[in-house]
Amino acid sequence: TAAVTSTKDVLDNVDVAAFHLGTGQVNLNIKVDQNIADANILLFDINGRTVASQNNVQINSGENQIVLETQELTLGTYVVVVESAIGSKSIKVSVR
């Protein structure tokens, strides 16, 4: 059971920054302490609408850059959700 506690701590230490790359793309810089296999990355606007997602992402320990394809993304506040078999974590980000 100690491994389960340690694994759950991985999602407690997720850090995300978001940067608009121009029309149709946003770059997420995701930092984690341990590897997360088969994660789903979702980006929601403030109205709860999914504006981008990527499934089955391997997030490695350290810094990761993930580019999401989006439509009509404006600068502002969004919520990034990282989901995996060990749980999920929501992080509010400002896309700039």
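Residues numbered from 1 in each chain as written. Predicted model: local features only at pLDDT ≥ 70, side-chain atom pairs only at ≥ 80, totals over all residues. Heavy atoms only, no water.

Caption draft 1: Main features of the pairing of strand β7 (residues 87-95). Alignment of strand β6 (residues 76-84) against β7, held across nine bridges, turns out to be antiparallel. Looking at the pairing, E83 lines up with S88 of β7. In sequence, β6 turns back onto β7 through a hairpin of two residues. (Pairing = 2+ DSSP bridges. Helix = DSSP H or I, 4+ residues; strand = E, 2+ residues; numbered from the N terminus.)

Caption draft 2: Seen up close, the environment of Y78. By the element assignment, Y78 lies in strand β6. Take Y78: its relative accessible area is 6%, and that puts it in the buried class. Sequence separation of Y78 and D45 is 33 residues, and the distance between their C-alpha atoms is 4.7 Å. Excluding residues within four positions of it along the chain, Y78 makes contact with L43, F44, D45, V51, L73, I91, K92, V93 and V95. (Buried < 20%, exposed > 50% of the residue type's maximum accessible area, 1.4 Å probe, protein only. Contact = heavy atoms within 4.5 Å.)

Caption draft 3: The nonpolar core, seen in detail. One finds I41, L43, I59 and L68 to be the most contacted residues of the largest nonpolar core, which totals 21 residues. Secondary structure elements with two or more residues in this core: β2 (25-32), β3 (36-44), β4 (50-59), β5 (62-69), β6 and β7. (Core = buried A, V, L, I, M, F, W, Y, C linked by side-chain atoms within 4.5 Å.)

Caption draft 4: Fine view of the sheet that holds β7. Across the sheet, four strands lie side by side as β4-β3-β6-β7; this open sheet has antiparallel pairing. This sheet does not close on itself; its edge strands, each paired only once, are β4 and β7. Between one strand axis and the next, the sheet turns by 20° as a mean value, whatever way the strands run. One ladder, built from six bridges, connects β3 with β4; its direction is antiparallel. Residue L43 lies in a different strand from β4, and its bridge partner there is A52. (Axes fitted to C-alpha atoms, helices over the stretch in contact; angles between N-to-C directions.)

Caption draft 5: Up close: unusual backbone geometry. Phi at D38 is positive, roughly 50°, even though this residue is not glycine. The backbone phi angle of N56 is positive, close to 55°, even though this residue is not glycine. Following the sequence through the fold, N56 ends up in strand β4. What makes N56 exposed here is its relative accessible area of 58%.

Caption draft 6: Seen up close, the pattern of salt bridges. Counted under the stated rule, the structure contains one salt bridge. Of the charged contacts, one joins D45 and R49 as a salt bridge, the two residues approaching to 3.1 Å between their closest N and O atoms. (Salt bridge = Lys/Arg side-chain N within 4 Å of Asp/Glu carboxyl O.)

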